[in-house]
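Examination of the molecular architecture
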Amino acid sequence: MSRFFSNKLDGLQPYVPGEQPRDRKYIKLNTNENPYVPSECATSCINTALLEELRLYSDPTCGELCQSIADVYGVEPQNVLPTNGSDEALAFCFAAFCGNGVVFPDVTYGFYKVFCGLFCAEYEQIPLNHDFTVEVSKYIGVGRTVVLANPNAQTGICLQLKDIERIVAGNPDNIVVIDEAYIDFGGESAVRLIDKYDNLVVVHTFSKSRALAGARVGYAIADEKLIADLNRVKYSFNPYNVNSISAALASRAVRDTRYLKELSDRVIATRAVLSRGLTELGYTVVPSLANFVLAKSPTMTGEQVYCALKQNGILVRLPSEPRISDYVRITIGTEEQTDALLAALKAIHNGEL
Ligand SMILES: *Cc1c(COP(=O)(O)O)cnc(C)c1O
């Protein structure tokens with residue numbers, strides 16, 4: 001740290017992204033990307049005319065993208081704020097709504113803690129139950145902003161919509177942020193509650209189910225007044241937050257609901273194959289509604305599994321939370337990648353690799 005670094009941020013612990021190695025070709029199952037290509041309806045929009053438009057600033061209102069998202073989710077454009085990845089939507093929420101502190105689970109998306117550090121918000125981590133489920137009753141009347149990933153990051157466990165509604169209704173004077181990065185892989189979205197509750201923000205991303213992680217697009221959906229608050233933060237930070245190419249891609253991708261279903265169905269089917277295969281090898285598998293599973297070897301530590309797989313060209317994620325350090329988190333890949341992973345694990349456990 002240089003002597004110029006702000007005192008206020010002394011203790012800031014930045015987020016550590018999953019490895020994106022360039023040294024060799026890995027079967028990459030560590031950062032929950034989609035193994036399939038993005039919608040062709042989306043990528044076919046990239047032509048010379050669009051590239052020449054790069055001369056101009058992008059539309060700060062993201063009007064076309066807002067309209068597309070609004071049409072698909074049955075809301076109004078003024079209920080939508082597109083952002084540079086959903087991480088930015090979350091950052092705006094922390095900046096706008098977390099003045100009186102935040103609560104989130106002890107095992108969840110690691111960025112929440114980082115945002116508290118950056119925006120100087122106090123936080124409390126509420127422990128998950130022993131089976132890693134969220135104890136809904138602990139989130140009623142907390143008197144602070146609630147942030148929940150649903151399905152939860154790291155575990156893949158998903159709360160039912162009625163439980164989400166209990167939490168939103170149980171904190172009428174505080175904001176509840178539901179981060180639905182993985183909702184398209186089998187969960188039920190809380191978007192339709194936004195008409196009924198003025199304290200709910202739902203955050204989505206194009207990075208996972210829509211296979212556009214590199215385009216960096218996400219969005220918040222909420223009551224019009226909350227979106228106005230988030231826009232106030234956005235226009236105080238980066239008015240042109242979504243570049244014109246990504247906005248065009250995302251606007252088309254979101255309308256291609258048939259392709260979304262096709263990809264999600266494939267991931268869900270492969271998740272069942274992977275979970276079954278791991279269970280047959282004696283692994284403990286946390287029941288997931290996301291595009292990853294958290295799994296624990298019967299004989300090896302998480303780090304041993306991670307290292308053995310990496311030596312054999314397969315990357316998985318070793319979680320940093322102490323409570324799940326015996327586990328590895330495995331992204332759902334293609335059918336072939338999943339077969340290769342299961343074959344490698346079998347060989348590792350038989351002492352052949
Ligand atoms: C991947 C992920 C995000 C961030 O997604 P981007 O849109 O790529 O910034 C947010 N929340 C959770 C829980 C995630 O897993």
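Rules and cut-offs
- Residues numbered from 1 in each chain as written.
- Predicted model: local features only at pLDDT ≥ 70, side-chain atom pairs only at ≥ 80, totals over all residues.
- Heavy atoms only, no water.
- Buried < 20%, exposed > 50% of the residue type's maximum accessible area, 1.4 Å probe, protein only.
- Helix = DSSP H or I, 4+ residues; strand = E, 2+ residues; numbered from the N terminus.
- Pairing = 2+ DSSP bridges.
- Right-handed = clockwise from strand over helix to strand, strands pointing away.
- Core = buried A, V, L, I, M, F, W, Y, C linked by side-chain atoms within 4.5 Å.
- Contact = heavy atoms within 4.5 Å.
- Phe/Tyr/Trp six-rings, centres within 6.5 Å; stacked < 30°, edge-to-face > 60°.
- Near = heavy atom within 4 Å.
- Polar contact = N/O pair within 3.5 Å; in protein donor to acceptor, adjacent residues only side chain to side chain.
- Areas by Shrake-Rupley, 256 points an atom, 1.4 Å probe, with all protein chains shown as cover.
- Nonpolar A, V, L, I, M, F, W, Y, C, P; charged D, E, K, R; others polar.

This part takes up the pairing of strand E6 (residues 176-179). Of the two faces of E6, the one lined by Val 176 and Ile 178 and the one lined by Val 177 and Asp 179 are each fully buried. Relative to E6, strand E5 (residues 145-149) is paired through 4 bridges, and the arrangement is parallel. Considered in E6, the bridge of Leu 148 is made with Ile 178. Taken together, E5, helix H6 (residues 161-169) and E6 form a β-α-β motif whose crossover is right-handed. Of the pairings in the sheet, the one linking E6 to strand E7 (residues 200-205) comprises 4 bridges and is parallel in character. Note on E7: the bridge partner recorded for Asp 179 is Val 203.

This brings us to the sheet that holds strand E12 (residues 327-331). In space, the 3 strands of this open sheet follow the order E9-E10-E12, with antiparallel pairing throughout. Both edges of this open sheet fall to strand E9 (284-285) and E12, since each of them pairs with a single strand only. Judged from the 5 bridges that link them, strand E10 (residues 292-296) and E12 form a sheet pairing that is antiparallel. By the bridge assignment, Val 293 is partnered in E12 with Ile 330.

Across the junction of Asn 150 and Pro 151, the peptide omega takes the value -5 degrees, indicating a cis bond. By the secondary structure assignment, Pro 151 is in the loop between E5 and H6. Its identity as a non-glycine residue notwithstanding, Cys 62 has a phi of 50 degrees, on the positive side. Looking at the secondary structure, you find Cys 62 in the loop between helix H2 (48-52) and helix H3 (63-73). A positive phi angle, near 55 degrees, is found at Ala 211, a position not held by glycine. Turning to its location among the elements, Ala 211 is positioned in the loop between E7 and strand E8 (218-222). For Ala 211, a relative accessible area of 13% translates into the label buried.

Counting 54 residues, the largest nonpolar core has Tyr 139, Val 146, Leu 148, Ile 164, Ile 167, Leu 200 and Phe 206 as the members making the most contacts within it. The dominant element in this core, judged by the number of residues it contributes, is helix H8 (residues 244-255), at 7 residues. Discounting residues that sit within four places of it in the chain, Tyr 139 has contacts with Val 103, Phe 104, Pro 105, Ile 126, Val 134, Val 146, Leu 148, Ile 167 and Asn 171.

Turning next to the packing of aromatic side chains. In this structure the tally under the stated criterion is 16 aromatic pairs. Centroid distance Tyr 109 to Phe 111: 6.0 Å. Interplanar angle 55 degrees. Geometry classified as tilted. An identical accessibility class is assigned to Tyr 109 and Phe 111; each is buried. Aromatic side chains Tyr 182 and Phe 292 sit 5.0 Å apart centroid to centroid with 75 degrees between the ring planes, which places their arrangement in the edge-to-face category. On the criterion of sequence distance, the pair formed by Tyr 182 in the loop between E6 and E7 and Phe 292 in strand E10 is long-range, its members being 110 residues apart. Each member of the pair, Tyr 182 together with Phe 292, is buried. These aromatic residues form a ring-pair network of at least three members: Tyr 15, Phe 94, Phe 104, Tyr 109, Phe 111, Tyr 112, Phe 115, Phe 119 and Tyr 123.

Moving on, we get to the site of the ligand. Taken together, 13 residues sit near the ligand, with Ser 86, Tyr 182, Thr 205, Ser 207 and Lys 208 positioned nearest. Taking Thr 205, its side chain carries an N or O atom lying 2.5 Å from an oxygen atom of the ligand. Arg 216 has a polar side-chain atom sitting 2.7 Å from an oxygen atom of the ligand. Surface burial for the ligand is 93%, taken as the share of its 390 Å² of free accessible area covered by protein chains. Sorting elements by how many residues they give to the shell around the ligand places helix H4 (residues 85-97) first, with 4 residues. A breakdown of the residues in the shell around the ligand according to their chemical character gives 5 nonpolar, 4 polar and 4 charged.

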